[in-house]
Amino acid sequence: MCIRDRYKRTAYAKKINKNNKFIKVKCFEEIIKSNRTVDLIKYLKKKFKHSEIFFLMGADNLINFHKWKGYNSITKMCKILVFDRNGYKSKAFRSKSFKKYNKKAVEFIKFNKVNISSSQLRKIWYSLFN
């Protein structure tokens, strides 16, 4: 993602959360000099030593999670909460990552599903702000 888009996305996230006292929007890529999840989690673990960290992902990402850089470290540093995505739950249950970690590090969250992808959300966002 280019820097301009990152600033726009961060500014928009701050705008929609300005009245929410519990959510703080931060962009860490420039601070940690990386866009990798494992590096961000390492940074957060150092900065917030006494906090528990949860990593949220969609079931579609769990399928290839074993290919991520540092995925073993991620599972040691935080609990992974997985949200079902239409058509992905059974594949996610059969994935290498779920079989390896099962409920030790990976937990599926039950919730009322919204059938929208992150790509669709980005298209809506870009149509509103570009």
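Refer to the preceding data block for the structure.
Residues numbered from 1 in each chain as written. Predicted model: local features only at pLDDT ≥ 70, side-chain atom pairs only at ≥ 80, totals over all residues. Heavy atoms only, no water.

Draft legend 1. Highlighting helix H3 (residues 37-47). Looking at H3, one finds that the buried residues are Val-38, Ile-41 and Leu-44. With its buried residues spanning 125 degrees around the axis, H3 presents them on a single face. The inward-facing, buried residues of H3 abut strand E1 (54-58) and helix H5 (71-77). (Buried < 20%, exposed > 50% of the residue type's maximum accessible area, 1.4 Å probe, protein only. Helix = DSSP H or I, 4+ residues; strand = E, 2+ residues; numbered from the N terminus. Arc of directions from axis to C-beta. Contact = heavy atoms within 4.5 Å.)

Draft legend 2. Structural detail: helix H7 (residues 96-105). Here H7 has its buried residues at Ser-97, Phe-98, Tyr-101 and Ala-105. What you see down the axis of H7 is that its buried residues fit within an arc of 115 degrees, all on one side. Opposite the packed face of H7, turned more than 90 degrees from it, sit the exposed residues Lys-99 and Lys-103. In this fold, the buried residues of H7 make contact with helix H4 (59-63), H5, strand E2 (79-83), helix H6 (89-94) and strand E3 (106-109).

Draft legend 3. Local environment of the nonpolar core. Formed by 22 residues in total, the largest nonpolar core has its most connected members in Leu-62, Ile-80, Val-82 and Val-106. Elements with a contribution of two residues or more to this core: H3, E1, H4, H5, E2, H7 and E3. Apart from residues lying up to four places away in sequence, Val-82 is in contact with Met-57, Gly-58, Ala-59, Leu-62, Val-106, Glu-107, Phe-108 and Ile-109. (Core = buried A, V, L, I, M, F, W, Y, C linked by side-chain atoms within 4.5 Å.)

Draft legend 4. Up close: the pattern of salt bridges. This model, assessed by the stated rule, comprises one salt bridge. Its salt-bridge partner being Glu-107, residue Lys-79 comes within 3.7 Å of it at the nearest N-O pair. Here the residue Lys-79 occupies a position in strand E2, and Glu-107 occupies one in strand E3, the gap between them amounting to 28 residues. Look at Glu-107 and you get partly exposed, because its relative accessible area is 37%. (Salt bridge = Lys/Arg side-chain N within 4 Å of Asp/Glu carboxyl O.)

Draft legend 5. How the structure looks around the side chain of Asn-17. The topology assignment puts Asn-17 in the loop between helix H1 (3-16) and helix H2 (29-32). Residues in contact with Asn-17, not counting those within four places in the same chain, are Ile-23 and Val-25.

Draft legend 6. Looking closely at the sheet that holds E3. Taken in spatial order, the three strands make up an open sheet running E1-E2-E3, and their pairing is parallel. Sheet topology places E1 and E3 at the edges, where each strand pairs with a single neighbour. For this sheet, the mean inter-axis angle between neighbouring strands, taken without regard to orientation, is 30 degrees. Of the pairings in the sheet, the one linking E1 to E2 comprises five bridges and is parallel in character. Along E2, the bridge assignment pairs Gly-58 with Phe-83. Packed on one face of the sheet, H7 meets E2 and E3 and runs near 75 degrees to E3. (Pairing = 2+ DSSP bridges. Axes fitted to C-alpha atoms, helices over the stretch in contact; angles between N-to-C directions.)

Draft legend 7. Spotlight on unusual backbone geometry. Despite not being glycine, Lys-33 has its phi angle at roughly 55 degrees, a positive value. Within the secondary structure layout, Lys-33 lies in the loop between H2 and H3.

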